[in-house]
Amino acid sequence: MEKLFKKIKPEQINGNIFELIGREWMLITAGNTDHYNMMTASWGTAGVLWRKPVVMIFVRPQRYTREFIEKSAYFSISFFEERQRDLLNLCGTTSGRDLNKMNIEGMTPVGMPTGAVGFAEAKLVLECRKIYFDDIDPSFFQTFDIEKIYPNNDYHRFYIGEIIDCWEKKL
Ligand SMILES: Cc1cc2nc3c(=O)[nH]c(=O)nc-3n(C[C@H](O)[C@H](O)[C@H](O)COP(=O)(O)O)c2cc1C
């Protein structure tokens, strides 16, 4: 990891987090370099909680990646350049149950110090420790429009990850 990336502080992340997550999208990866899976996500947050820098990711029950997150103590969030949008589209429209995502050309796994998996092609990878999860409970919705997002009642489980390290691609 150190060969390709340098460690930066969360405060030094380049770019606007709304742009990064909502428009550029992120790749959630869980597992280890021998067995991992990843999916694209554009819903999530990054901020501060319990005196720690954290990310929150939201994963529906049917995602294959969720099985990996459940079994892993760590996960990663990777961000890519615009020219790699095709890869994010592929990982966001195909399930690892139908395609072995470990074989996708142009996505080279890199083992990180915690054992989590990042990608050599990413511009930024956040290495995260899973510290909390919960399921969205529709009885707590305060506006009607949110319920429409769940016609199949497949409420997201959210995971809070403590950002252990931020890895920025070396120039
Ligand atoms: C732009 C974009 C954003 C997405 N955001 C999320 C998300 O935040 N949470 C989620 O559960 N699925 C999200 N998805 C859907 C998953 O990426 C998609 O279902 C993927 O195929 C799951 O792969 P898996 O079954 O291998 O885990 C998104 C898809 C796209 C294209």
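Further up the page is the structure itself.
Note that this is a predicted model, so its numbers are computed, not measured.

Caption draft 1: Fine view of helix α3 (residues 85-93). What α3 keeps buried is the set L87, L88 and C91. Across the axial projection of α3, the buried residues extend over an arc of 100 degrees, all falling on one side. Turned more than 90 degrees from where α3 packs its buried face, D86, N89 and T93 sit exposed. Lining the buried residues of α3 we find β2 (26-32) and β3 (35-41).

Caption draft 2: Quick peek at the site of the ligand. The ligand sits among 19 residues. The nearest are Y64, T65, G92, S95 and G96. Elements that contribute at least two residues to the shell around the ligand include exactly β3, β5 (52-59), α2 (64-71) and α3. Take the shell around the ligand: its biggest share by element is four residues, from β3.

Caption draft 3: Just the pairing of strand β4 (residues 44-49), in detail. Relative to β5, β4 runs antiparallel, the two sharing six bridges. Of the residues in β5, the one forming a bridge with G47 is V54. With antiparallel pairing between neighbouring strands as the criterion, β4 and β5 make up a hairpin whose turn holds two residues, including W50 at a positive phi of roughly 50 degrees.

Caption draft 4: Representation of the pairing of β2 within the structure. Most of β2 is tucked away, with six of its seven residues classed as buried. With seven bridges joining them, β2 and β3 adopt antiparallel strand pairing. Looking across to β3, one finds that N32 is bridged to H35. Between β2 and β3, which pair antiparallel and follow one another directly, the connecting turn spans two residues. The sheet contact formed by β2 and strand β6 (residues 74-79) spans four bridges and is antiparallel. What sits directly across from A30, in β6, is F75.

Parameters at a glance
- Residues numbered from 1 in each chain as written.
- Predicted model: local features only at pLDDT ≥ 70, side-chain atom pairs only at ≥ 80, totals over all residues.
- Buried ≥ 20, exposed ≤ 12 C-beta atoms within 10 Å, placed from the backbone.
- Helix = DSSP H or I, 4+ residues; strand = E, 2+ residues; numbered from the N terminus.
- Arc of directions from axis to C-beta.
- Contact = placed C-beta atoms within 7 Å.
- Near = placed C-beta within 6 Å.
- Pairing = 2+ DSSP bridges.

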